[in-house]
Amino acid sequence: MTAEATDPAQERLRRWRLVLGGDAADGTGCALSGPDAAMDGALTALYGQKDRKSQDGKSQGGRDRSAGLGASAPSVARWLGDIRTYFPSSVVQVMQRDAIDRLGLATLLLEPEMLEAVEADVHLVGTLLSLNKAMPETTKETARAVVRKVVDDLEKRLATRTRATLTGALDRSARISRPRHHDIDWNRTIAANLKHYLPDHRTIVPERLIGYGRATQSTKKEVLLCIDQSGSMAASVVYASVFGAVLASMRTISTRLVVFDTAVVDLTDRLDDPVDVLFGTQLGGGTDINRALAYCQSQITRPAETVVVLISDLYEGGIRNEMLKRVSAMKASGVQFVTLLALSDEGAPAYDREHGAALAALGAPAFACTPDLFPEVMAAAIEKRPLPIPDAA
């Protein structure tokens, strides 16, 4: 490499030039060539800026984002290929989302050629699901293949840990008083026998042993996933569908999955394939949490063995007081009620803070949950211990 290429000052100027876009005001004086020029072209096509003009043609000083890709499918396909060449996968996914949002390219995703060129991720799946009703038959097969790839990747990442965590929780939730040696819960046994401490011998004589039971095939917990399918919950719908399929694969857990907007749809019969679940949703529309909870409440047969997970931003379009009464009634009957404002990696979500506070007052605190934390949340709910609520919630 040349001295210029390795010079820190020149490298700083190069990076600033790529960030600023190279118009007359960038102030770097740095020229780009080769791959850097091609990278700059790909960025300009998406984030390029030009002066706003008044009606008399004079510059107004400010700058607008301009669409450099146009409406041409071949141009977009070339651009998608370019960004995959010059940027890592995580950056490509961000640029694709920005292209859909800034340049209105969602309709181009209805073309099979476009779907084959994009970098598939959870956010792209959400976009495809929102376009599901408008999708032509020629595109649906390709769209399902894209969704299938993302879902399979998520299952590989999440399934093993989820099953292991929840199997342990189910075993621990079945306490027995005459455990075998390797089934003794020593922490609980010591706590229960502290009054039998012998100071002279510096030991405890346990008169009562507490042990872990082993969950049998007939010892089932009931889990109801109640998922808000409004447009803002797209990523949560994807993750919840995958987790629903994982839970349904465990014989010791009976899982039901319900999605809702202003209507309620029970997708439990599709849980053997999360892709079918996802294509059974209809992102967008209003929200009636009360109606959804009314349906879930009607499906509960063993309250003390049931966990209800509401995944919603809590912007209720139904009857607020009735919603809160239902939550209170379920908790009073022994149901473990969990409220997740989001199930995704997207950071702090927007949500109805008044409803969040009202649920917290009922003992059902609402918080955002990452996919990695979800197994721990479910394990705590199954064992009826405090939920691992993130500090930022």
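Residues numbered from 1 in each chain as written. Predicted model: local features only at pLDDT ≥ 70, side-chain atom pairs only at ≥ 80, totals over all residues. Heavy atoms only, no water.

S.K.: Would you mind going over the overall build of the protein chain with me for this structure?
M.R.: When you go through the protein chain residue by residue, the secondary structure sums to 15 helices and twelve strands. Across the 393 residues of the protein chain, 45% fall into the buried class. Excluding contacts between residues fewer than 6 apart, the proportion of contacts in the protein chain whose partners are at least 24 apart in sequence is 70%. By element, 50% of the accessible surface of the protein chain is carried by carbon and sulfur atoms, the whole surface being about 19,900 Å². (Helix = DSSP H or I, 4+ residues; strand = E, 2+ residues; numbered from the N terminus. Buried < 20%, exposed > 50% of the residue type's maximum accessible area, 1.4 Å probe, protein only. Contact = heavy atoms within 4.5 Å. Areas by Shrake-Rupley, 256 points an atom, 1.4 Å probe, with all protein chains shown as cover.)

S.K.: Please explain the nonpolar core as it appears in this structure.
M.R.: It is characteristic of soluble globular proteins that their nonpolar side chains tend to be buried jointly. Within the largest apolar cluster, 84 residues are counted, with the highest numbers of intra-cluster contacts made by W79, V309 and F374. Here the element with the most residues in this core is helix α8 (residues 137–173); it accounts for ten residues. With sequence-adjacent residues up to four places away left out, V309 is seen in contact with L224, L225, C226, V338, L340, F374 and M378. Listed in part, the 23 residues of the second largest apolar core include V258, L310, M323 and V335. (Core = buried A, V, L, I, M, F, W, Y, C linked by side-chain atoms within 4.5 Å.)

S.K.: What exactly am I supposed to notice about the pattern of salt bridges here?
M.R.: This structure, assessed with the given rule, holds 18 salt bridges. The shortest N-O distance in the salt bridge between R161 and E376 comes to 3.4 Å. Taken together, the residues span a long stretch of sequence, with R161 in helix α8 and E376 in helix α15 (residues 374–383) at a distance of 215 residues. The class for R161 is partly exposed, based on a relative accessible area of 37%. A network of salt bridges, in which partner residues are shared, links E11, R14, R15 and D36. (Salt bridge = Lys/Arg side-chain N within 4 Å of Asp/Glu carboxyl O.)

S.K.: Please explain the packing of aromatic side chains as it appears in this structure.
M.R.: Ring pairs (aromatic) are described by centroid distance and by the angle formed between their planes. Per the stated rule, a full pass over the model turns up one aromatic pair. With a centroid separation of 4.5 Å and an interplanar angle of 40 degrees, the aromatic rings of F243 and F374 are classed as tilted. Residue F243 is found in helix α10 (residues 234–248), and its partner F374 is found in helix α15; the two are separated by 131 residues along the sequence. Of the residues examined, F374 reaches a relative accessible area of 1% and is grouped as buried. (Phe/Tyr/Trp six-rings, centres within 6.5 Å; stacked < 30°, edge-to-face > 60°.)

S.K.: I would appreciate a short explanation of helix α5 (residues 89–103) in the present structure.
M.R.: One turn of the α-helix equals 3.6 residues, which is why residues spaced by three or four share an orientation. Taking 1.5 Å per residue, 15 residues should reach 21 Å; α5 reaches 20 Å between its end C-alpha atoms and fits that length. Burial in α5 covers these residues: V92, Q93, M95, Q96, D98, A99, I100 and L103. (Expected span 1.5 Å × (residues − 1).)

S.K.: Explanation requested: the pairing of strand β7 (residues 221–228) in the structure shown.
M.R.: Side-chain positions along a regular strand alternate between the two faces of the sheet. Most of β7 is tucked away, with eight of its eight residues classed as buried. With burial as the criterion, each face of β7 is covered, one bearing K221, V223, L225 and I227 and the other bearing E222, L224, C226 and D228. Between β7 and its parallel partner strand β8 (residues 253–260), the chain crosses via α10, and the hand of that crossover is right-handed. In this sheet, strand β10 (residues 306–311) lies alongside β7 in parallel orientation, the contact comprising six bridges. Across the sheet, I227 pairs through a bridge with I311, a residue of β10. (Right-handed = clockwise from strand over helix to strand, strands pointing away. Pairing = 2+ DSSP bridges.)

S.K.: Honestly, the environment of W186 in this entry has me stumped. Any pointers?
M.R.: As for its placement among the helices and strands, W186 is situated in helix α9 (residues 186–192). Along the backbone, W186 and L209 are 23 residues apart, and their C-alpha atoms lie at a distance of 8.3 Å.

S.K.: What is the right way to read unusual backbone geometry from this model?
M.R.: Residues apart from glycine generally show negative phi values, whereas peptide bonds are mostly found in trans. Positioned with a positive phi, R202 is a non-glycine residue whose angle comes to about 50 degrees. Considering the arrangement of structural elements, one finds R202 in the loop between β4 (197–198) and β5 (203–204). For R202, a relative accessible area of 70% puts it in the exposed group. The residue L314 is not glycine, and still its phi comes out positive at about 70 degrees. Relative to the assigned elements, L314 resides in the loop between β10 and α13 (320–332). Looking at L314, the relative accessible area reads 0%, which means it is buried.

S.K.: Even after reading the chapter, I still don't get the confidence of the model for the protein chain, so can you show me in this structure?
M.R.: Atom-level detail of predicted coordinates should not be read off regions where pLDDT is low. Overall, the prediction assigns the protein chain a mean pLDDT of 82, with 85% of residues at 70 or greater. Contacts from residues 50–67, a stretch scored under 50 in pLDDT, to residues over four places away or in other chains number 32 contacts. (pLDDT = per-residue confidence, 0-100.)

S.K.: How should the packing of α8 against α10 be read in this particular structure?
M.R.: The relative placement of two packed helices is expressed as an angle between their axes plus a distance between the axes. Axis separation between α8 and α10 bottoms out at 9 Å; the angle between their running directions is 50 degrees. In terms of their interaxial angle, α8 and α10 are classed as oblique. The two elements α8 and α10 cross, and the hand of that crossing is right-handed. Contacts from V151, L154, E155, R157, L158, A159, T162, R163 and L166 of α8 reach α10 at V238, Y239, V242, F243, A245, V246 and L247. (Axes fitted to C-alpha atoms, helices over the stretch in contact; angles between N-to-C directions. Parallel < 35°, antiparallel > 145°, perpendicular 65-115°, else oblique. Left-handed = near helix turned anticlockwise from the far one by under 90°.)

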